[in-house]
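# Remarks on the overall topology
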Amino acid sequence: MANHMNAVKNKPVGKSLLGGAMIIAGTTVGAGMFSLPVVGAGMWFGYSVLMLLGIWFCMLMSGLLLLETNLHFEPGASFDTLTKETLGQFWRIVNGVSIAFVLYILTYAYISGGGSIVNHSLQGMGIELPQSVAGLVFAVVLACIVLISTKAVDRITTIMLGGMIITFFLAIGNLLIEIDVTKLLEPDGNQSFMPYLWAALPFGLASFGYHGNVPSLVKYYGKDSSTIIKAIFVGTFIALIIYACWLVATMGNIPRSQFSEIIAQGGNMGVLVGALSKVMESSWLNSMLTLFANLAVASSFLGVTLGLFDYLADLFGFDDTRSGRIKTAVVTFVPPTILGLLFPDGFLIAIGFAALAATVWAIIVPALMAYKSRQQFPNHQGFRVFGGTPLIILVVLYGVVTGACHLLAMANLLPQFS
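All chains use their own residue numbering, which begins from 1 and follows the written sequence. In keeping with the model being predicted, local features are shown solely for residues with a pLDDT of at least 70 and side-chain atom pairs are shown and tallied solely at 80 or more, while totals for entire chains, interfaces and linings include all residues. Each side-chain value is derived from all of the structure's non-hydrogen atoms; neither hydrogens nor water enter the calculation.

Taking 1.5 Å as the rise per residue, helix α18 (residues 388–410) with 23 residues should run 33 Å; its terminal C-alpha atoms sit 34 Å apart, in good agreement. Packing partners of the buried residues in α18 comprise α4 (44–70), α10 (197–206) and α17 (347–376). Asn-412 lies just past α18 and shows a positive phi near 60 degrees. Only runs of H or I of at least four residues qualify as helices and only runs of E of at least two qualify as strands under DSSP, and these elements are numbered from the N terminus. By this rule, a helix spans an expected 1.5 Å times one less than how many residues it contains. Should any heavy atoms of two residues lie within 4.5 Å, those residues are counted as being in contact.

Now the structure itself:
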């Protein structure tokens with residue numbers, strides 16, 4: 001009873017569970033919308049859903065293990081503080097490098113995906129533009145918003161999120177009505193499915209990345225572990241349902257054999273949206289789908305680059321003056337934009353590399369920190385994730401296996417659908 005009263009006291013007034021859940025869901029739903037149907041084409045619908053369930057559980061547990069460690073420290077403590085105090089300087093550096101790498105590679109991924117979807121949109125209006133140039137325009141326009149201020153990003157992203165919700169439900173509602181169940185349950189072509197699961201694991205991991213928000217939720221709610229746990233569970237479960245509906249909508253409308261053509265064209269966002277557009281009879285709903293894709297990649301780009309912008313400003317000591325922000329913007333945007341010009345169709349490849357680095361900071365490090373913190377605070381009476389050390393071992397093994405699968409796939413040692 002006393003613990004419950006303390007939790008109530010620690011909970012800031014007026015901050016609802018729904019707000020935290022929406023933060024988690026909004027962060028989680030991103031790259032997976034456009035990568036999961038493509039990388040899941042080999043194993044198709046049944047195994048894709050089973051994979052999502054398994055990854056959702058492991059990523060939920062790794063997030064809760066991170067929360068367990070975070071609650072030993074004062075609200076506001078970041079990844080940097082947590083790793084330094086529990087695992088030492090080596091893991092602090094490794095974790096910092098992996099976070100920076102993920103943010104950079106995701107920025108490039110969204111420039112690639114943004115160029116693809118902008119190019120698809122322009123083609124619908126009869127305008128032909130090289131995809132690399134479309135990616136450059138996409139990056140420059142949105143980089144200017146980040147350069148202006150965090151407030152500008154906040155306002156623009158809020159507008160985009162509202163548009164995304166409306167366009168998503170309009171477009172996916174129509175696609176779900178039009179699905180062909182036989183395409184989901186009896187796909188044509190090669191009937192081998194299970195072997196393709198392993199190469200898809202890293203993309204599933206990248207689809208459930210929310211761990212950077214856990215310290216933010218502790219800062220937001222205080223040490224009210226019950227509300228934070230519910231927010232993480234509800235937010236990730238919403239993302240799971242959205243991804244499952246998206247797989248039904250895409251795989252129920254596009255034959256498995258047609259995904260070979262999508263992959264042959266690079267598997268980028270514009271190619272997938274173009275294939276879906278062909279099965280949508282209404283030009284208005286087609287426009288809604290295209291608008292959703294544009295808003296989705298733009299809002300994801302703003303969210304990722306704002307985090308990278310602030311991280312690099314702190315790292316290099318750039319101040320918040322106009323000249324300081326320009327310096328930070330150069331360091332933030334120039335490297336991934338150059339990559340976008342050189343390799344315009346690298347969306348899926350970049351997501352895979354992001355997942356490889358995320359196995360460190362979003363899975364392995366949280367599990368190791370929880371193990372170490374239990375030794376440092378043996379008499380702690382607060383929240384502890386169920387399952388003891390076996391669960392920690394399971395989470396670490398999941399991270400190691402996922403990282404290994406990405407490396408094996410890069411070496412062409414795992415079957416990949418084409």
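Another aspect to go through is the confidence of the model for the chain. pLDDT expresses how confident the predictor is about each individual residue, on a scale running from 0 to 100. For the chain, per-residue confidence averages 85 on the pLDDT scale, and residues scoring 70 or more make up 95% of the total. Across the chain, the element-wise mean pLDDT spans from 44 in helix α1 (residues 2–10) up to 95 in α18. Considering only residues more than four positions removed or in separate chains, one finds that residues 1–13, a stretch of pLDDT under 50, has 11 contacts.

Here the term cavity refers to a set of points on a 1 Å grid, laid over the protein atoms alone, in which a 1.4 Å probe fits but cannot get out; the term pocket refers to an open set having protein on both sides within 12 Å along at least five of seven lines, with lining residues being those that place an atom within 4 Å of a point. Grid points are joined across faces, edges and corners, and a volume is the space filled by probe spheres set on the points. In this structure, the second largest pocket encloses a volume near 550 Å³. In terms of lining, the second largest pocket is formed by 25 residues, of which the most central are Val-39, Ala-199, Phe-203, Leu-348 and Gln-416. Breaking the lining of the second largest pocket down by element, the ones donating at least two residues are α3 (32–39), α10, α17 and α18. No other element matches α17, which puts five residues into the lining of the second largest pocket. Think of it as three bins: nonpolar holds Ala, Val, Leu, Ile, Met, Phe, Trp, Tyr, Cys and Pro, charged holds Asp, Glu, Lys and Arg, and polar takes everything else, Gly as well. Its residues assigned to classes, the lining of the second largest pocket shows 16 nonpolar, eight polar and one charged.

Once that is clear, we can look at the packing of helix α6 (residues 89–124) against α17. To obtain each axis, a line is fitted to C-alpha atoms, and for helices this fit is confined to the stretch in contact; angles are then taken between N-to-C directions over 0 to 180 degrees. Axis separation between α6 and α17 bottoms out at 8 Å; the angle between their running directions is 155 degrees. Accordingly, the angle class assigned to the pair α6 and α17 is roughly antiparallel. The interaxial crossing formed by α6 with α17 has left-handed handedness. A class-by-class count of the residues in the contact of α6 with α17 yields 20 nonpolar, four polar and no charged. Angle categories: roughly parallel below 35 degrees, roughly antiparallel above 145, roughly perpendicular from 65 to 115, and oblique for all the rest. Working rule for handedness: look at the near helix, and if it is turned counterclockwise from the far one by less than a right angle, call the crossing left-handed; if clockwise, right-handed.

This part covers the packing of α4 against α10. Between α4 and α10, the shortest axis-to-axis distance is 10 Å and the interhelical angle comes to 45 degrees. By the angle between their axes, α4 is oblique relative to α10. Judged by the sense of rotation from one axis to the other, the crossing of α4 with α10 is right-handed. For the pair formed by α4 and α10, the contact residues are Tyr-47, Met-51, Ile-55 and Met-59 on the first element and Leu-197, Ala-200, Leu-201, Gly-204 and Leu-205 on the second. Looking at the contact of α4 with α10 residue by residue, the classes come out as eight nonpolar, one polar and no charged.

What follows deals with empty space enclosed by the protein. On inspection of all chains with the given rule, the structure shows one cavity of 30 Å³ or more. Here the largest cavity is characterised by a volume of approximately 30 Å³.

Counting 132 residues, the largest nonpolar core has Phe-34, Leu-67, Phe-208 and Ile-232 as its most contacted members. Leaving out residues up to four positions away in the same chain, Leu-67 has contacts with Val-214, Val-218, Ile-228, Ile-229, Ile-232 and Phe-383. Among buried residues, the Ala, Val, Leu, Ile, Met, Phe, Trp, Tyr and Cys ones that are joined through side-chain atoms within 4.5 Å form a nonpolar core. Throughout this description, buried means an accessible area under 20% of the type-specific maximum (1.4 Å probe, protein chains only), exposed means over 50%, and partly exposed covers the range between.

What follows covers the environment of Ile-23. Mapped onto the secondary structure, Ile-23 falls in helix α2 (residues 17–28). With a relative accessible area of 36%, Ile-23 lands in the partly exposed category. When the C-alpha atoms of Ile-23 and Ala-231 are compared, they prove to be 8.6 Å apart, with 208 residues separating the residues in sequence. In contact with Ile-23, other than residues within four places in its own chain, are Asn-213 and Leu-217.

The next point concerns the state of the cysteines. Counting rule for disulfides: a pair of cysteine sulfur atoms within 2.5 Å. In this structure the tally under the stated criterion is zero disulfides. Cys-405 takes part in no disulfide bond, and the closest cysteine sulfur, belonging to Cys-58, lies 13 Å away. Since its relative accessible area comes to 6%, Cys-405 is described here as buried.

So, on to the pattern of salt bridges. Think of a salt bridge as a Lys or Arg side-chain nitrogen and an Asp or Glu carboxyl oxygen that are within 4 Å of each other. Applying the stated criterion across every chain, the model contains three salt bridges. Between Arg-92 and Asp-80 there is a salt bridge, and its shortest N-O distance comes to 2.8 Å. Of this pair, Arg-92 sits in helix α6 while Asp-80 sits in helix α5 (residues 79–86); the two residues are 12 residues apart in sequence, bridging distant segments of the chain.

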